[in-house]
Amino acid sequence: MNHPTIQKDTGAWIAFTWISFFISIAALILGIYHAPVDIWVKSFLAVAALFAVGSTFTLAKTIRDNSEAGKMLNRYADAKTEQIISNYEFTSSPRNV
């Protein structure tokens, strides 16, 4: 049975993702702060932005969890199939008479 290797991200990619996340949040905050609107509109935009960021993390986690659950089910099915094949090969081998 071929076990898939776990793909790990490089340090550069992880740094890039975190830096781009913080830059986008900073740009969003600056944009809301400098918007020529009343404070209640700025507050609404800030709350909406926080909700969008939180729901994005939740969505990403859900997609990852579903993907990992699918991999686990495939591993289980592969192991069961290998067991059936090995039992079949063992019981159906020609006997020396």
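Residue indices begin from 1 for each chain and proceed along its sequence in written order. Totals for whole chains, interfaces and linings use every residue, but because this is a predicted model, local features are given only for residues with pLDDT of at least 70 and side-chain atom pairs only at 80 or more, for both listing and counting. Values reported for side chains reflect all heavy atoms of the structure, with hydrogen atoms and water molecules removed beforehand.

Caption draft 1: Molecular detail of the overall build of the protein chain. The helix count covers DSSP runs of H or I at least four residues long, the strand count covers runs of E at least two residues long, and both are numbered beginning at the N terminus. Counting its regular elements, the protein chain contains two helices and zero strands. Each residue gets one of three labels from its accessible area relative to the maximum for its type: buried under 20%, exposed over 50%, partly exposed in between, using a 1.4 Å probe on protein chains only. When each of the 97 residues of the protein chain is scored for burial, the buried share is 4%. In the structure as shown, the protein chain presents an accessible area of about 8900 Å², 68% of it carried by carbon and sulfur atoms. Per-residue and other accessible areas follow the Shrake-Rupley method at a 1.4 Å probe size, with only the shown protein chains counted as cover for residues.

Caption draft 2: Layout of the side chain of K42. With respect to the helices and strands, the residue K42 is situated in helix 2 (residues 39–91). The sign given to each residue is positive for Lys and Arg and negative for Asp and Glu; His and the chain ends receive no count. Should a side-chain nitrogen of Lys or Arg be within 4 Å of a carboxyl oxygen of Asp or Glu, the pair is scored as a salt bridge. No salt bridge is formed by the buried K42; its nearest oppositely charged neighbour, D38, is found at 8.6 Å. Setting aside its immediate chain neighbours within four residues, K42 contacts I32, Y33, A35 and V37. Throughout, a residue-residue contact means that at least one pair of heavy atoms, one from each residue, lies within 4.5 Å.

Caption draft 3: Focus on the packing of aromatic side chains. Here the aromatic set is Phe, Tyr and Trp, taking the six-membered ring for Trp, and pairing holds for ring centres within 6.5 Å; pairs whose planes are under 30 degrees apart are stacked, those over 60 apart are edge-to-face, and all others are tilted. The full count for this structure, using the stated rule, is five aromatic pairs. Considering the side-chain rings of W18 and F21, the 6.2 Å spacing of their centres and the 90° angle between planes classify their relative orientation as edge-to-face. Placement of the pair is W18 and F21 together in helix 1 (residues 11–33), with a separation of three residues, close to one helical turn. Judged by relative accessible area, W18 falls into the partly exposed class, the value being 46%. A relative accessible area of 24% places F21 in the partly exposed class. Ring centres of F21 and F22 lie 5.3 Å apart, and the angle between their planes is 65°; this geometry places the pair in the edge-to-face category. Of the aromatic side chains, those joined through ring pairs into one cluster are W18, F21, F22 and F57. Throughout this description, the term charge over a ring refers to an Arg CZ or Lys NZ atom that lies within 6 Å of the ring centre and within 35 degrees of the ring normal. Over the aromatic face of Y33 sits the side chain of K42, whose NZ or CZ is 5.6 Å from the ring centroid.

Caption draft 4: Spatial organisation of the pattern of salt bridges. Here the structure, examined in full by the defined rule, presents two salt bridges. The partner of K61 in a salt bridge is D65, with the nearest N and O atoms 2.6 Å apart. Here D65 and K61 lie together in helix 2, a separation of four residues that amounts to about one turn. D65 sits in the partly exposed class, given a relative accessible area of 27%. In this structure, D65 and R64 form a salt bridge, with 3.1 Å as the shortest nitrogen-oxygen distance. What makes R64 partly exposed here is its relative accessible area of 45%. Taken together, the shared-partner salt bridges in this structure form one network comprising K61, R64 and D65.

Caption draft 5: Region of the structure containing a nonpolar patch on the surface. Residues qualify for a patch when their relative accessible area is over 30% and they have no salt bridge, like charges being joined within 9 Å and the nonpolar side chains of Val, Leu, Ile, Met, Phe, Trp and Tyr within 5 Å. A surface patch of nonpolar side chains, amounting to about 570 Å² of accessible area, comprises W13, I14, F16, W18 and F22. Locating F22 in the fold gives a position in helix 1.

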